[in-house]
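Topology and contacts: notes
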Amino acid sequence: MKMKNYDLESKPTIFLIILSEDNKCGNTQIDDEKTINIKKKETPIWEKKYLTIPEAIKYSNIGNNNLKRLLNKPECDFVVYLGNRKLINRQGFEEYLHGLHSL
């Protein structure tokens, strides 16, 4: 069977496995038709609007404890709460860091 080339970079794609008459796909026995969800390309950190704490640590090279201490300050207006998760507005975080001389 000849395979087509698909552009997987542009958007998430769902493929349908076409089974042979004996209901096998390669060496794996499959009961029903199944779909495979191809993971979409991850957005780079510098293009994201909101960062998680681990992403902000990688992005800013600030340690976990210092970042958490910074996020708990009252003047920290770039934190957004999604339920009990803290997200960091990347642009506000950058502006805040540019104005600092030390942590």
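See above for the structure.
In this report, the structure presented in the accompanying data block is examined. (Residues numbered from 1 in each chain as written. Predicted model: local features only at pLDDT ≥ 70, side-chain atom pairs only at ≥ 80, totals over all residues. Heavy atoms only, no water.)

1. Quick word on the packing of aromatic side chains
- Counted by the stated rule, this structure contains two aromatic pairs.
- Look at F78 and F93: their rings are 5.3 Å apart centre to centre, the planes differ by 50°, and that puts the pair in the tilted class. Within this pair, whereas F78 is found in the loop between α2 (64-71) and β6 (79-82), its partner F93 is found in helix α3 (residues 90-99), the two being separated by 15 residues in sequence. For the pair F78 and F93, one class covers both residues: buried.
- Considering the side-chain rings of F78 and Y96, the 5.3 Å spacing of their centres and the 50° angle between planes classify their relative orientation as tilted. With a gap of 18 residues between them, F78 in the loop between α2 and β6 and Y96 in helix α3 connect regions that are remote in the sequence.
- Since its relative accessible area comes to 2%, F78 is described here as buried. (Phe/Tyr/Trp six-rings, centres within 6.5 Å; stacked < 30°, edge-to-face > 60°. Helix = DSSP H or I, 4+ residues; strand = E, 2+ residues; numbered from the N terminus. Buried < 20%, exposed > 50% of the residue type's maximum accessible area, 1.4 Å probe, protein only.)

Scope: geometric values only; no functional claims are made or implied.
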